[in-house]
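# Overview (structure and organization)
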Amino acid sequence: MIENTLWHPVAQAQDVSGTSPHSARLLDQAIVLWRNPQGAVQAFVDRCPHRGARLSLGRVENGHLECPYHGWQFASGGQCVKVPAVPDFVPPPSQCVKSFDVQESSGLIWVRMEQGDAPAALPRFDAESDAHLRKVNCGPYDVAASAPRIIENFLDMSHFSFVHEGWLGSRDASAIASYKVEPTATGVLATGCKAVQPQSNLHSTTAAEVEYTYEVTAPYTAVLTKIPEEGSSRQGWRESIGLFICPVTPETSRVWFRLAVADFDSSEEQLREFQHTIFVQDQPVLESQLPKALPLDPRAEMHSAADRMSSAYRRYLKSQSIGFGVC
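Presented here is a report on the structure given in the accompanying data block. (Residues numbered from 1 in each chain as written. Predicted model: local features only at pLDDT ≥ 70, side-chain atom pairs only at ≥ 80, totals over all residues. Heavy atoms only, no water.)

### Looking at the packing of aromatic side chains
The following threshold applies: Here the aromatic set is Phe, Tyr and Trp, taking the six-membered ring for Trp, and pairing holds for ring centres within 6.5 Å; pairs whose planes are under 30 degrees apart are stacked, those over 60 apart are edge-to-face, and all others are tilted. In this analysis the charged atom, NZ for Lys or CZ for Arg, is taken to sit over a ring once it is within 6 Å of the ring centre and within 35 degrees of the ring normal.
Throughout the structure, instances matching the rule amount to ten aromatic pairs. Taken together, the ring pairs connect Tyr141, Phe154, Tyr212, Tyr214, Phe257 and Phe279 into an aromatic cluster. A cation over a ring is seen here: Arg308 above Tyr179, with NZ or CZ 4.4 Å from the ring centre.

### Here we look at the packing of helix α1 (residues 147-155) against helix α4 (residues 308-319)
To be explicit about the condition: To obtain each axis, a line is fitted to C-alpha atoms, and for helices this fit is confined to the stretch in contact; angles are then taken between N-to-C directions over 0 to 180 degrees. The way it works is that DSSP assigns letters per residue, a run of H or I at least four long becomes a helix, a run of E at least two long becomes a strand, and they are numbered from the N terminus. Oblique is the label for any angle not under 35 degrees, not over 145, and not in the 65 to 115 range, which are roughly parallel, roughly antiparallel and roughly perpendicular in turn. When the near helix sits turned anticlockwise from the far one by under a right angle, the crossing is termed left-handed; a clockwise turn instead gives a right-handed crossing. Between two residues, a contact is recorded if the distance between any of their heavy atoms is within 4.5 Å. Only Asp, Glu, Lys and Arg are considered charged, only Ala, Val, Leu, Ile, Met, Phe, Trp, Tyr, Cys and Pro nonpolar, and every remaining residue, Gly among them, polar.
One way to put it is that α1 packs onto α4 with a least axis distance of 9 Å and a crossing angle of 150°. Between α1 and α4, the crossing angle belongs to the class labelled roughly antiparallel. In this structure, α1 meets α4 at a crossing whose hand is right-handed. Along its contact with α1, which presents Pro148, Arg149, Ile151, Glu152 and Leu155, the element α4 presents Met309, Ser310, Tyr313, Arg314 and Leu317. Of the residues assigned to the contact of α1 with α4, the class counts are six nonpolar, one polar and three charged.

### Things to note about the state of the cysteines
What counts is decided by this rule: Criterion for a disulfide: a pair of cysteine sulfur atoms at a distance within 2.5 Å.
Counted under the stated rule, the structure contains zero disulfides. Here Cys138 stays free of any disulfide, with the sulfur of Cys246 as its closest cysteine sulfur at 17 Å.

### Concerning unusual backbone geometry
Here the residue pair Gly139 and Pro140 is connected by a cis peptide bond, since its omega of 10° sits within 30 degrees of zero. By the secondary structure assignment, Pro140 is in strand β11 (residues 134-143). The omega torsion of the bond from Leu290 to Pro291 falls at -5°, within 30 degrees of zero and hence cis. Considering the arrangement of structural elements, one finds Pro291 in the loop between α3 (268-288) and α4. The backbone of Leu27 sits at a positive phi, close to 50°, despite the residue not being glycine. Relative to the elements of secondary structure, Leu27 occurs in the loop between β2 (22-26) and β3 (29-35). Phi is positive for Ser106, close to 55°, though the residue is something other than glycine.

### Describing the pairing of strand β17 (residues 252-261)
Heads up, the rule is: Partly exposed describes any residue whose relative accessible area lies between the buried limit of under 20% and the exposed limit of over 50%, with all areas from a 1.4 Å probe on protein chains only and scaled to the type maximum. A pair of strands is labelled paired if DSSP reports no fewer than 2 bridges between them.
Of all ten residues in β17, eight are buried; the element is thus mostly enclosed. Alignment of β11 against β17, held across eight bridges, turns out to be antiparallel. Its bridge partner being in β17, Asp142 is matched across the sheet by Arg254. Alignment of strand β16 (residues 240-249) against β17, held across nine bridges, turns out to be antiparallel. Across the sheet, Gly242 pairs through a bridge with Arg258, a residue of β17.

### As for the environment of Thr206
Relative to the elements of secondary structure, Thr206 occurs in the loop between β13 (188-197) and β14 (208-218). Taking the C-alpha atoms as reference points, Thr206 and Ala30, 176 residues apart in sequence, are found 47 Å from one another.

### Some words on the environment of Gly18
Positionally, Gly18 belongs in the loop between β1 (8-12) and β2. Setting aside residues no more than four positions away along its own chain, Gly18 makes contact with Arg35 and Val60.

### Side note on the nonpolar core
Applied cut-off: By convention a nonpolar core is built from buried Ala, Val, Leu, Ile, Met, Phe, Trp, Tyr and Cys residues, the set being connected through side-chain atoms within 4.5 Å.
Of all hydrophobic cores here, the largest spans 90 residues; its most connected members are Val10, Leu33, Leu155 and Tyr214. Looking at this core element by element, the count peaks at six residues for β17. Every residue in contact with Leu155, bar those within four places of it in the chain, is listed here: Tyr214, Val216, Ala222, Met309 and Tyr313.

### Section: α4
The criterion, for reference: Here a helix's expected span is defined as the number of its residues, less one, multiplied by 1.5 Å.
End to end, α4 covers 16 Å across twelve residues, agreeing with the expected 16 Å (1.5 Å per residue, within 8%). Among all positions in α4, only Met309, Ser310, Ser311, Ala312, Tyr313, Arg314, Tyr316 and Leu317 are buried. Of the surrounding elements, those touching the buried residues of α4 are α1, β12 (180-183), β13 and β14.

Encoded structure:
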């Protein structure tokens, strides 16, 4: 599956330590995360190759991951280095646990299960390198919906007036103006996306028309960027929200938001609370959708002109031969 060759977020970096293992699940595969003495995160299949116990129930001992069942120890890369019941035994290279590639970025741990024909880069989040912007992670949220359904919801403006009424939209201003959609090297980009919002951010006191760009930068990653208003004191500062999804199973996901904002006055908790308020309005609707997987056949669901971005996203997934979380 092409999904195995992509990078996926699986945990917050701060939750993975060098003292105890951390369990996660990606693409229906249980994995265990831990840090070696140099602080580098390791990702293994969460199953001891000896007798099948979950390694995440063990501990980190002397810089190695120790199985909870018989104490077998595994070094960075997965090689077994100790079998306590046979102290003089030197495990051969064949006695190892499968390991995965790991990176840390945006406060998250990213895992790639297989190497593809071409090198795969982490999904782009351009605001990460903007030193003017404050970065805050929100989540994780465990959602009973497929990753593509969640991405499509994030890209959709026409639900603002109903799911987020009084916040991001209102019923008396539900029309969606025309916007531009185009393919990119890594996904799909929508520009000129405008909406009248009663409270578009934590400090809004009056309704205002806002303009966004939406970009899909990987099959399960999307970025919203706010276009500064003319004459704004923050002209040139492009605040963004990144949506990073771990596809846990074809019908369940773990979700993080990465805020890159110019708000240095509010606390991190206040920023997270506003994002939380918006997402928990989405969650029950997302979890109600059927089928759980996102249909890629254009005849499977009805569409309107306001759905240009989501329709382009579905075509992109199909072109990439994505098979996890779609139908």
